[in-house]
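Chain and residue survey
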Amino acid sequence: MRLSRLLPWLLLGGLVVFSVAVYGSLPDQLPRNIDLSGEIGRTETKTPLSWAALPLVALSLLVLFEAIRRRLPHRPELFNFPGKDDFLKLPAEYRPPIIAKMQGFLDITASLTTAIMAAVQLMLWHVARGGKSDFVTIGILLVSVMTTPALFLVLQGVTNEVDAAKKRWEGRRQPAAR
C-alpha cells in the first residue's frame, strides 16, 4: 500500500491516540472558540463526546473520502473537476490512469484535512491547559488557506491526464494519412 493511501489513516490514528491519552489531563472547561490573538472566546464542559468531536468529524470525513474513492471506478461522474466533460466522453479503456489520479487527489486531500484537524486538536489541548496559541492559530489558518491553491495544482494533474488520454484516443480514431 502506498504511503499516500495510508497517511490519512495514520494521522487519524495519531489524533485518536493523542486525544485519548491527554483526556485525563484536561481541565473541566474546554475551549471551543479561540480568536486570532489566542484568547478563548467560548468554553464548554469537558465530556468524552465534547473532546472527541474533532476526531469524530475527522473520521467521518475520511470515511466519506474513502467511499468516494472506492466508487470512482464505477461512478467517475462523482468527481468534479475541469475537464470532466472530456473525461466522460473517453472510452472506458482510457479512464483507469485518470481515475488513479483522482483517487490520489482524494488521498492527498484526506491527509491534509486530517493533519489540520490534528493540529487544531493539539492547539485546543495546549490552550485548555493554559498555553497561548496566537502563533499557532494564525499558522493553522495560513496552512488551511494555502492548501486550496496546492490542491488545485494537484488537481491540474488530473486535467493534464485527461488531455493526454484525449489526444491518444483522437490519434487512434484518425485514419492514417497516405
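The structure presented is a predicted model; accordingly, all values stated were derived computationally and were not measured.

Taking 1.5 Å as the rise per residue, helix α1 (residues 3-22) with 20 residues should run 28 Å; its terminal C-alpha atoms sit 27 Å apart, in good agreement. In this structure, the buried side of α1 is in contact with α2 (48-71) and α4 (96-128).

Our next topic: the pairing of strand β2 (residues 40-45). The pairing of strand β1 (residues 29-34) with β2 spans 5 bridges and is antiparallel. Each bridged residue has a counterpart across the sheet, and for P31 the counterpart in β2 is T43. Counting the residues that bridge the hairpin from β1 to β2 gives 5 residues, and of these G38 lies at a positive phi of roughly 90 degrees.

With that settled, consider the confidence of the model for the protein chain. Mean pLDDT over the protein chain: 90, with 97% of residues reaching 70 or higher. No element of the protein chain has a lower mean pLDDT than helix α5 (residues 134-173), which averages 87, and none a higher one than α2, which averages 96.

A few words now on α5. For α5, built from 40 residues, the straight-helix expectation of 58 Å at 1.5 Å per residue is met to within 8% by its first-to-last C-alpha distance of 60 Å. When we look at burial in α5, the residues that qualify are T137, I140, T147, L151, L155, G157, V158, T159, E161, V162, A165 and W169. At its buried positions, α5 is contacted by β1, α3 (84-89) and α4.

With that settled, consider the packing of aromatic side chains. Going through the model one piece at a time under the given rule, you end up with 4 aromatic pairs. Centroid distance F18 to W125: 5.6 Å. Interplanar angle 85 degrees. Geometry classified as edge-to-face. A residue pair is termed long-range when its members are at least 10 positions apart, and F18 in helix α1 and W125 in helix α4 qualify at 107 residues. Each member of the aromatic cluster is reached from another via a ring pair, and the members are F79, F81, F87 and F105. In this structure, K46 is placed above the aromatic ring of Y23, and the distance from its NZ or CZ to the ring centre is 4.4 Å. Positioned over the ring face of F87 is R95, at 5.0 Å from the centre of the ring.

Before going further, it helps to spend a moment on the nonpolar core. Residues F79, F81, F87, L90, I98, M102 and V158 are the most contacted members of the largest nonpolar core, which totals 25 residues. Mapped onto this core, the elements with two or more residues apiece are α1, α2, α4 and α5. The biggest single contributor to this core is α4, with 7 residues. Here F87 is in contact with P76, F81, R95, I98, I99, M102 and V162, once residues within four sequence places are set aside. Membership of the second largest hydrophobic core comes to 10 residues, among which are L30, L124, V127 and A128.

Empty space among the atoms can be located by rolling a probe the size of a water molecule over them. Taken as a whole and judged by the stated rule, the model has 1 cavity of 30 Å³ or more. Estimated volume of the largest cavity: approximately 60 Å³. Around the largest cavity, the lining residues are R5, P8, W9, L62, F65, E66, R69, L106, D107 and A110. Every element with two or more residues in the lining of the largest cavity is listed here: α1, α2 and α4. Per-element tally for the lining of the largest cavity: the top contributor is α2, with 4 residues. For the lining of the largest cavity, the per-class residue count stands at 6 nonpolar, no polar and 4 charged.

Rules and cut-offs
Residues numbered from 1 in each chain as written. Predicted model: local features only at pLDDT ≥ 70, side-chain atom pairs only at ≥ 80, totals over all residues. Heavy atoms only, no water. Helix = DSSP H or I, 4+ residues; strand = E, 2+ residues; numbered from the N terminus. Expected span 1.5 Å × (residues − 1). Contact = heavy atoms within 4.5 Å. Pairing = 2+ DSSP bridges. pLDDT = per-residue confidence, 0-100. Buried < 20%, exposed > 50% of the residue type's maximum accessible area, 1.4 Å probe, protein only. Phe/Tyr/Trp six-rings, centres within 6.5 Å; stacked < 30°, edge-to-face > 60°. Lys NZ or Arg CZ within 6 Å of the ring centre and 35° of its normal. Core = buried A, V, L, I, M, F, W, Y, C linked by side-chain atoms within 4.5 Å. 1 Å grid on protein atoms, 1.4 Å probe; cavity = no way out; pocket = protein on both sides within 12 Å on 5 of 7 lines; lining within 4 Å. Points joined across faces, edges and corners; volume = space filled by probe spheres on them. Nonpolar A, V, L, I, M, F, W, Y, C, P; charged D, E, K, R; others polar.

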